[in-house]
Amino acid sequence: MRRTVFNEDHEAFRETLRAFIEAEVVPVYDEWFAAGQAPRDFYYKLGELGIFGINVPEEFGGAGMDSHKFEAVLYEETARAGVQFGGSGVHVLLALPYIKMLATDEQKKRYLPKFVTGEEMWAIAMTEPGTGSDLAGMKSTAKLSEDGTHYVLNGAKTFITGGVHADRVIVCARTSAPTAEDRRHGISLFAVDTKSEGYSVGRKLDKLGLKTSDTAELAFVDVKVPVEDLLGEENKGFYYLGHNLASERWGIAFGAYAQAKAAVRFAKQYVQERTVFGKPVAHFQNTKFELAACQAEVDAAEAVADRATEALDAGELTPAEAASAKLFCTEVAHRVIDRCLQLHGGYGYMNEYPIARLYADNRVNRIYGGTSEIMKTIIAKDMGL
C-alpha cells in the first residue's frame, strides 16, 4: 500500500534532516546520553536548519507552514537513527501552539523571532509534585500586585521536559480559587522568563529513558511576572490546556509508531548479521514469524498515525480520535519493541544497541500526555458508555 500522507516537499525535508542527523547527532550521541542532555548550542543548529520555524508565520522569521507533517518526518527520522533531539520537541509541539493561539501581536513580536532561532527555548510547566494528572488540583499561585503591573508567582512543578535549558516556560498557576460549580476555574498561563529573580531549577531528574532530554523540577518564590506575559485571558488556562491536547496526543502516537517501525528495522538488520548454531538468526522460522507479526502491527499503526495526521492538519481530529490513536500506537509500540529486543538476545539489553535505548524511551509513551487508562476513559465516554 502506497503512503499518500507525504509529498515531494516532505521528502526533500527528510533527505536534509537525515543528512543533518548523520553529520551532527549520531557521532556525538553517546556523549549526550552519558551527560543526560543535549548541549545548549545544539538548539541553535536546529534553529539554523529551520526546524523551529516551520509552523511560525513568515513575518516572525518562520516558514509559514500550517501542517504537522514536517514534524511527522522528524519523528520518523530521529527514530530511524535511534536518537532524540533533546528537549526540543516540547519547544515546537507543546509550547508553539499556545503562543500562536493565545499571544497578542505584541507578544508574538517579542517571543517568536527568538523562538525560531533557538535563542529562547520554551517549555511548559503543568504537573506538580502532588497532583499528577489532576491539573485542577494544582497549588501554584499567581497573585496580581496592588499596582496591577505584575503577578507574584509561587509554587513548584515537576517532570518538566526541557526545564534545564529553557529560557521561557509557560507556567500554569492559580490566579483565583476554584468555584463550587467548577474546580477547573481560576487557572491562568504565563510566559515566565527563567532569568527572573526567585525562579530556580531544582534537580535534573534521572529518568528510565529519554536520557538526552533534560527534565527538571522547578520552583518559584515570589517571582515577578509582568502582566504583559499573561497568555490569553485570566482564569481560563484550564480550557486552553484542553484545546491543545489533541495535537499533543497525536505527537505521542506518531512518535510511538515511528519507534516501532525503527525497532523492526534494527531487529531485521541484527538477525541478518548475527550467527548462532552456524546460521544467521534470520534463518530460523521463529525469527521470521516474529518479525512478520511485528511488521503487520507496524503497518496498522502507520495507517492509524497517518489518518490522525491528515485529520489534525484539516482541523478535524477530535479528542476521542486523538486518544484512540495514542492508545493504539503506543500499545503497538510496546509490543513490537519488546519482541524486537527479544530477538537481539542478551545484546538487546545493552545500551550500546539502539534497541535497548528505544525500549526505555518508549515506555513513557503510555504515561505522559494522559495515561492509557485515561485514553480508554475518553474513548468510552465518546462511545456513550
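Residues numbered from 1 in each chain as written. Predicted model: local features only at pLDDT ≥ 70, side-chain atom pairs only at ≥ 80, totals over all residues. Heavy atoms only, no water.

1. Digging into the environment of L312
Condition: Secondary structure counts use DSSP, requiring at least four H or I residues in a row for a helix and at least two E residues in a row for a strand, with both numbered from the N terminus.
As for its position among the elements, L312 is in helix α9 (residues 285-313). It is 8.3 Å that separates the C-alpha atoms of L312 and S67, two residues lying 245 residues apart in sequence.

2. Notes on the pattern of salt bridges
Filter applied, for reference: The rule for a salt bridge is simple: a side-chain nitrogen of Lys or Arg has to be within 4 Å of a carboxyl oxygen of Asp or Glu. Partly exposed describes any residue whose relative accessible area lies between the buried limit of under 20% and the exposed limit of over 50%, with all areas from a 1.4 Å probe on protein chains only and scaled to the type maximum.
If you walk through the whole model with that rule in mind, you get 25 salt bridges. Across the pair E106 and R110 runs a salt bridge whose closest N-O atoms are separated by 2.5 Å. Placement of both E106 and R110 in helix α6 (residues 105-117) is noted, with a separation of four residues, approximately one turn of the helix. Judged by its relative accessible area of 29%, R110 is partly exposed. Between K195 and D193 there is a salt bridge; the shortest N-O distance is 3.2 Å. The exposure class assigned to K195 is exposed, which follows from its relative accessible area of 64%. According to the relative accessible area criterion, D193 is partly exposed, its value standing at 22%. Taken together, the salt bridges that share partners define one network made up of R3, E11, R14, R18, E76, E77, K261, E302 and D306.

3. Some words on the side chain of S372
To be explicit about the condition: Throughout, a contact is declared for two residues whenever any of their heavy atoms are within 4.5 Å.
Along the chain, S372 turns up in helix α12 (residues 372-382). Not counting the four nearest positions on each side in its chain, S372 is found in contact with L327, T330, E331 and R366.

4. Thoughts on a nonpolar patch on the surface
For the record, the criterion: Grouping into patches uses exposed residues only, defined as over 30% relative accessible area, and leaves out salt-bridged ones; the cut-off is 9 Å for like charges and 5 Å for nonpolar side chains (Val, Leu, Ile, Met, Phe, Trp, Tyr). Only the protein chains shown count as covering a residue, and every accessible area follows the Shrake-Rupley method with a 1.4 Å probe.
Taken together, the side chains of Y347, Y349 and M350 define a hydrophobic patch exposed on the protein surface, amounting to about 360 Å² of accessible area. Mapped onto the secondary structure, M350 falls in the loop between α10 (319-343) and α11 (354-362).

5. A look at the packing of helix α8 (residues 245-273) against α11
A pair of packed helices is characterised by two quantities: the angle between their axes and the separation of those axes. Where we set the bar: Axis definition: a line fitted to C-alpha atoms, limited for helices to the stretch in contact. Angles are taken between N-to-C directions and run from 0 to 180 degrees. Angle categories: roughly parallel below 35 degrees, roughly antiparallel above 145, roughly perpendicular from 65 to 115, and oblique for all the rest. Handedness of a helix crossing follows the sense of rotation of the near helix relative to the far helix, less than a right angle counterclockwise being left-handed and clockwise being right-handed. Note that Gly is not counted as nonpolar here; it falls among the polar residues with everything else outside the nonpolar set of Ala, Val, Leu, Ile, Met, Phe, Trp, Tyr, Cys and Pro and the charged set of Asp, Glu, Lys and Arg.
Their axes nearest at 10 Å, the elements α8 and α11 cross at an angle of 160 degrees. Looking at the two axes, α8 sits roughly antiparallel to α11. The way α8 lies across α11 gives a crossing that is left-handed. Between α8, through Q259, A262, A263 and F266, and α11, the contact on the second element is made entirely by P354, I355, L358, D361 and N362. Residues of the contact of α8 with α11, tallied by class, amount to six nonpolar, two polar and one charged.

6. Thoughts on unusual backbone geometry
In the Ramachandran plot, F159 falls in the positive-phi region, its phi being about 60 degrees despite a non-glycine side chain. Checked against the element boundaries, F159 lands in strand β3 (residues 150-161). For F277, which is not glycine, the phi torsion reads 50 degrees and is therefore positive. Within the secondary structure, F277 sits in the loop between β9 (275-276) and β10 (279-280).

7. Brief notes about the environment of L218
Note on placement: L218 falls in strand β7 (residues 215-226). Classification of L218 by relative accessible area gives buried; the value is 3%. Placed 16 residues apart in sequence, L218 and G202 show a C-alpha to C-alpha distance of 5.5 Å. Aside from chain neighbours lying at most four places away, what touches L218 is A125, G155, A156, K157, I160, G163, V169, Y199, S200 and V201.

8. Brief notes about the state of the cysteines
Selection criterion: Only a pair of cysteine sulfur atoms within 2.5 Å counts as a disulfide in this structure description.
Summed over the entire model, instances satisfying the criterion amount to zero disulfides. In this structure C329 is a free cysteine whose sulfur lies 15 Å from that of C294, the closest cysteine sulfur available.

9. Points about the packing of aromatic side chains
Note the following rule: Only Phe, Tyr and Trp rings are paired, with Trp represented by its six-membered ring, and only when their centres lie within 6.5 Å; those with planes under 30 degrees apart are stacked, over 60 edge-to-face, the remainder tilted.
Inspection of the entire model under this criterion finds 17 aromatic pairs. Between F13 and F70, the ring centres sit 5.5 Å apart and the planes meet at 80 degrees, which makes this aromatic pair edge-to-face. Of this pair, F13 sits in helix α1 (residues 8-25) while F70 is found in helix α4 (residues 69-81), placing the two residues 57 residues apart along the sequence. Classification of F13 as buried rests on a relative accessible area of 14%. Note on F70: relative accessible area 10%, which makes it buried. Geometrically, the ring pair formed by F238 and Y239 is edge-to-face, given 6.2 Å between the ring centres and 75 degrees between the ring planes. On the accessibility criterion, Y239 (39% relative accessible area) is partly exposed.

10. Some words on α9
Where we set the bar: Working rule for helices: expected span equals 1.5 Å times residues minus one.
Look at α9: 42 Å from first C-alpha to last across 29 residues, which is about the 42 Å you get at 1.5 Å a residue. G315 occupies a position one or two residues after α9 and carries a positive phi of about 75 degrees.

11. Considering the side chain of Q259
Note that Q259 resides in helix α8. Those residues in contact with Q259 that lie beyond four places of it in its chain are A79, Q84, I337, L358, D361, N362 and N365.

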